[in-house]
Protein chains: 2
Amino acid sequence: MANEPEIPTNRTPTLTDVAKLAGVSIATASKAINGRSEVRATTRVRVLEAAELLSFAPNALARGLLSGRTGTVGLLTSDLEGRFSIPILMGAEDAFGAGQVSVFLCDARGDAIREKHHVRALLSRRVDGLIVVGSRTDARPPLAGNIPVPVVYVYAPSSDPADVSITVDNVGGGQLAIEHLLACGRRNIAHITGEPGFQAARDRAEGAAAALASAGLSMTGGRPYYGTWDESWGRAAAHMVVEHHPEVDAIFCGSDQIARGALDVLRDLGRNVPGTTSVIGFDNWEVISAHSRPRLTSIDMNLKQLGAIAGQRLFEAIDGGVPTSEEFPSRVVMRESTLPVG
Amino acid sequence: MANEPEIPTNRTPTLTDVAKLAGVSIATASKAINGRSEVRATTRVRVLEAAELLSFAPNALARGLLSGRTGTVGLLTSDLEGRFSIPILMGAEDAFGAGQVSVFLCDARGDAIREKHHVRALLSRRVDGLIVVGSRTDARPPLAGNIPVPVVYVYAPSSDPADVSITVDNVGGGQLAIEHLLACGRRNIAHITGEPGFQAARDRAEGAAAALASAGLSMTGGRPYYGTWDESWGRAAAHMVVEHHPEVDAIFCGSDQIARGALDVLRDLGRNVPGTTSVIGFDNWEVISAHSRPRLTSIDMNLKQLGAIAGQRLFEAIDGGVPTSEEFPSRVVMRESTLPVG
């Protein structure tokens, strides 16, 4: 290959070299190499051919690994229960390739000083990049100080639009839940959810209201029932809804824990689920959703895939690419609590 | 202090210096400095005086911190849900002092190759020690290869008795549960638990049988009801127990999830809890225990304290001390499901 004039033989080829040879921007080269869909097939082929010609190792970490260095990524979380962080961590590791990169998780417990300390510790240990996972979907301030490695925010976006944030479309999730209930033949749908101070609660309610409006319907009770994220509220609110609106034929709950409480009360009241009333939850937390009576249909936020995407985007950035923020759809995982009306 | 003949002024004092000056063994000096109970008060005072005289910084990490280095400890887990690992991680960090040491958690997913890879990554990042957390209480093989830093095993002991393992006394936990039910006036006690392949299931059942035997009683049904660790089994087994042994007045469940299933079935069957039948769980997993109807009394394994002890022992070992394996008791967290018979 030494007779190719464009190939720099005296150093490791970079993404810039690949982009130059392919005649595209660095961002496009990065996207093509990382399999992003927004690149045209012909462009992708040109970039991949250039990369092969240059023996371009697809990322800095891979180069590190080839040189005997172990790749590591820091994952900062404030999610005390580990419910969101662990699947995101697993997804990220899988994206990096099994056994190729270690993700180090540090728990900041929602404390800015602790977070700063962990960031310092991770950076002093030469991590190649940082993934920051929030415990709620509200935007959070970017990491303080000068961070010399790429950072990707997951679940909770950074409040700085220049940062790369990988998030869930919670408005879309609320829509999805209502559309599923409508498809099951339901028309009188109430929405019981968590604290209105949470962006996730407001987003899901907004999506639900929009989907109902599109069908020419409105929420049973006229508004979402905001409360807390737990079973007790699910029970109390379900009681209230059934008492004041006996015509209710479905309840969309903002979390699986709320849904679990609603299911238990509907059972107590002798209302058959899904015969008389359908129930759908949110989170698809299997500990709850796969063991309730009946088992709970729920919106799954694809957290493992979210982690995988975050890992890929971090890779792109480590490579000198320019990844962008993205919001991903969730999906319905159907169980017995929403069997369609026969 | 330069006129003290025994003080080495040209280097950082070590634990050996302290032990020598106090006239005790290194192990005793380590125990005294780390506040272990098995050291006599007079010895402890002598060691602490020697340490003060020598300006002995109590541990290698602290010395590192004084010199501007950040202390880090690796925590290896195979606990996918993070239920056990996160409180243990928090306890260990608290033991090290808030914001002084970062614990890096790596998830090995029960896979030896992944574990080896994470260990290599952590060691290449110069962690000061390793904490290994199991997802079940069965003994596990020690970490493979030559590990140049101290290792403490938590929750699951190492199968090598020479290693330091910090574990929960599950036999004692089973005893505690039965003693609580006996104290509440119960006499016909059944035990529903998880898979007999788990040491934890066998240990808790053993403790339960022993406590019943001490009271001149035996388990209702004659043996533990082994099954799976989930609600479905709790429901099925509770049905069975009540049908075949209607005299049952208490059920000790091997996990909170099993107990939750049992509670729901007792409710369906119109058996008042705790009036007719008391129920006690195991784990004190608040998501379950604090939201059931009635709220669930449960055995708490003090995982955060277990993590704190593990952190302290790791510190001792980093200091050149010789910590030993220890097994810790659990405790009853009482809620409405076992209110004493009036």
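Just so you know, the residues in each chain are numbered from 1, in the order the chain's sequence is written. Key to labels: chains lettered from A, ligands numbered from 1, both in the order written. Under the rules for a predicted model, residues below a pLDDT of 70 receive no local features and side-chain atom pairs below 80 are neither given nor counted, while totals for whole chains, interfaces and linings still include all residues. Only hydrogens and water are removed before side-chain values are computed, so all heavy atoms of the structure are retained for them.

Q: A description of the overall build of chain A should follow, citing residues and the corresponding values.
A: Elements are defined by DSSP. Helices are runs of H or I of four residues or more, strands are runs of E of two residues or more, and each kind is numbered from the N terminus. A tally of helices and strands in chain A yields 12 helices and 12 strands. Dimensions of chain A, computed from C-alpha atoms along their principal axes, come out at roughly 80 × 45 × 30 Å. Expressed as a percentage of the 342 residues in chain A, the buried residues total 58%. The contacts in chain A between residues at least 6 apart in sequence include a share of 69% that link residues at least 24 apart. Of the roughly 13300 Å² that chain A leaves accessible, carbon and sulfur atoms contribute 53%. Charged-residue counts in this description rest on Lys and Arg as positive and Asp and Glu as negative, His and the chain ends being excluded. Positions of charges follow a simple convention, taking NZ of Lys, CZ of Arg, CG of Asp or CD of Glu. The average position of the 33 basic charges and that of the 38 acidic charges among the side chains of chain A differ by 2 Å. The classification of residues rests on relative accessible area computed with a 1.4 Å probe and restricted to protein chains. Under 20% of the type maximum is buried, over 50% is exposed, and intermediate values are partly exposed. Contacts are assigned to residue pairs that have any heavy atoms within 4.5 Å of one another. Accessible surface area values rest on a Shrake-Rupley calculation with a 1.4 Å probe, where residue burial reflects the displayed protein chains alone.

Q: Help me get a handle on the pattern of salt bridges, residues and values and all.
A: The salt bridge criterion pairs a side-chain nitrogen of Lys or Arg with a carboxyl oxygen of Asp or Glu, the two atoms within 4 Å. Counted under the stated rule, the structure contains 36 salt bridges over all chains. For Arg260 of chain A, the salt bridge is made with Asp264 of chain A, and the minimal N-O distance between the two is 3.9 Å. With a gap of 4 residues between them, Arg260 of chain A and Asp264 of chain A both fall in helix H10 (residues 256-268), about one helical turn apart. Relative accessible area serves as the criterion here: at 1%, Arg260 of chain A is assigned to the buried category. Via salt bridges that share partners, Glu231, Arg235, Arg260 and Asp264 of chain A together with Glu231, Arg235, Arg260 and Asp264 of chain B belong to a single interconnected network.

Q: Talk me through the relation of the copies chain A and chain B; I want residue IDs and the actual numbers.
A: When the copies are overlaid, the least-squares fit takes in C-alpha atoms only where the residue has pLDDT of at least 70 in both copies. When chain A is brought onto chain B, the operation consists of a screw motion whose angular component is 180 degrees and whose axial shift is 0.0 Å, with 0.2 Å RMSD remaining. This pairing of chains is accounted for by a two-fold axis. In this assembly, 100% of the residues forming the interface of chain A have copies in chain B that are likewise at the interface, indicating an isologous arrangement.

Q: Just give me the short version of the packing of helix H2 (residues 26-33) of chain A against helix H3 (residues 41-53) of chain A, but keep the residues and values in it.
A: Residues and elements named next belong to chain A. For helices, the fitted line uses only the C-alpha atoms of the stretch in contact; every axis is such a line through C-alpha atoms, and the angle between N-to-C directions lies from 0 to 180 degrees. Orientation of H2 relative to H3, taken along the N-to-C sense of each, is 90 degrees, at an axis distance of 9 Å. In terms of their interaxial angle, H2 and H3 are classed as roughly perpendicular. Contact residues: Thr28, Ala29, Lys31, Ala32 and Ile33 in H2; Thr43, Arg44, Val47, Leu48 and Ala51 in H3. Gly is put with the polar residues, along with every residue not named as nonpolar or charged; the nonpolar set is Ala, Val, Leu, Ile, Met, Phe, Trp, Tyr, Cys and Pro, and the charged set is Asp, Glu, Lys and Arg. A class-by-class count of the residues in the contact of H2 with H3 yields 6 nonpolar, 2 polar and 2 charged. Note on angle classes: values under 35 degrees are labelled roughly parallel, values over 145 roughly antiparallel, values of 65 to 115 roughly perpendicular, and the remainder oblique.

Q: Before we move on, could you go through the packing of aromatic side chains and cite the residues and values that matter?
A: Side-chain rings of Phe, Tyr and Trp (the six-membered ring for Trp) are treated as a pair once their centres are within 6.5 Å; stacked means planes under 30 degrees apart, edge-to-face means over 60, and tilted covers the remaining angles. With the rule as written, the count across this model stands at 8 aromatic pairs over all chains. The interplanar angle of 40 degrees and the centroid separation of 6.4 Å between the aromatic rings of Phe252 of chain A and Phe282 of chain A together place this pair among those described as tilted. Placement of the pair is Phe252 of chain A in strand E8 (residues 250-253) and Phe282 of chain A in strand E9 (residues 278-282), with a sequence separation of 30 residues. The exposure classification of Phe252 of chain A matches that of Phe282 of chain A, with both residues buried. Each ring, one from Trp285 of chain A and one from Trp285 of chain B, has its centre 6.1 Å from the other, and the planes form 85 degrees; the classification is edge-to-face.

Q: With reference to specific residues and values, describe the pairing of strand E10 (residues 297-300) of chain A.
A: Residue and element names in this part refer to chain A. Residues Thr297 and Ile299 point to one face of E10 and Ser298 and Asp300 to the other, with burial holding for every one of them. Pairing between strands is defined by DSSP: at least two bridges between them are needed. For E10 and strand E12 (residues 331-333), the ladder comprises 3 bridges, and the chain directions are antiparallel. Across the sheet, the residue bridging to Ile299 is Val332, located in E12.

Q: Any details on the environment of Tyr225 of chain A? Residues and values, ideally.
A: All names here are of chain A. Locating Tyr225 in the fold gives a position in strand E7 (residues 225-226). By relative accessible area, Tyr225 is classed as buried at 6%. Remark: the alpha-carbon pair of Tyr225 and Pro294, spanning 69 residues in sequence, is separated by 23 Å. If near-sequence neighbours (up to four positions away) are discounted, Tyr225 is found in contact with His191, Ile192, Thr193, Thr220, Trp233, Met240, Val241 and His245.

Q: Summarise the interface of chain A and chain B; cite the residues concerned and give the values.
A: Taken together, the contacts link 48 residues of chain A with 48 residues of chain B. Of the roughly 4100 Å² buried between chain A and chain B, counting both surfaces, carbon and sulfur atoms make up 46%. Contact with chain B buries surface across chain A, with Arg125, His291 and Arg293 of chain A losing the most and accounting together for 17% of the total. Summed over the shared surface of chain A and chain B, the number is 14 salt bridges. For the purposes of these results, a polar contact is taken to be a pair of N or O atoms within 3.5 Å, where, inside protein, one atom must be able to donate a hydrogen and its partner to accept one; residues adjacent in sequence count only when each atom of the pair is a side-chain atom. If you look at where chain A meets chain B, you find 32 residue pairs in polar contact (both at pLDDT 80 or more). Elements that contribute at least two residues to the side of chain A that touches chain B include exactly helix H5 (85-96), strand E2 (101-107), helix H6 (112-124), helix H9 (231-244), H10 and helix H11 (286-289) of chain A. Residues of the side of chain A that touches chain B, tallied by class, amount to 16 nonpolar, 13 polar and 19 charged. Throughout, the accessible surface (probe 1.4 Å) given up by two parts as they are put together, summed over both, is called the buried area.

Q: Lay out the confidence of the model for chain A with the relevant residues and their values.
A: Residue and element names in this part refer to chain A. Confidence scores labelled pLDDT are given residue by residue by the predictor and lie between 0 and 100. Counting all residues, the mean pLDDT for chain A is 88, and 90% of those residues have values of 70 or more. This stretch, residues 1-8, has a pLDDT under 50; its non-local contacts, to residues over four places away or in other chains, come to 10 contacts. Contacts from residues 63-69, a stretch scored under 50 in pLDDT, to residues over four places away or in other chains number 11 contacts.

Q: Provide a residue-level description of the domain arrangement of chain A, including the pertinent values.
A: Residue and element names in this part refer to chain A. When its domains are assigned, chain A resolves into domain 1 (15-58), domain 2 (70-168 + 303-328) and domain 3 (170-301). The interface is formed by 8 residues belonging to domain 1 together with 10 residues belonging to domain 2. Interface area, domain 1 with domain 2, both sides summed: about 710 Å², of which 41% is carbon and sulfur. Taken together, the links from domain 1 to domain 2 amount to 0 salt bridges. Inspection of the region where domain 1 meets domain 2 yields 0 residue pairs in polar contact (both at pLDDT 80 or more). In terms of residue count, H2 provides more of the side of domain 1 that touches domain 2 than any other element does, 3 residues in total. Domain delimitation follows an automatic or database domain assignment.

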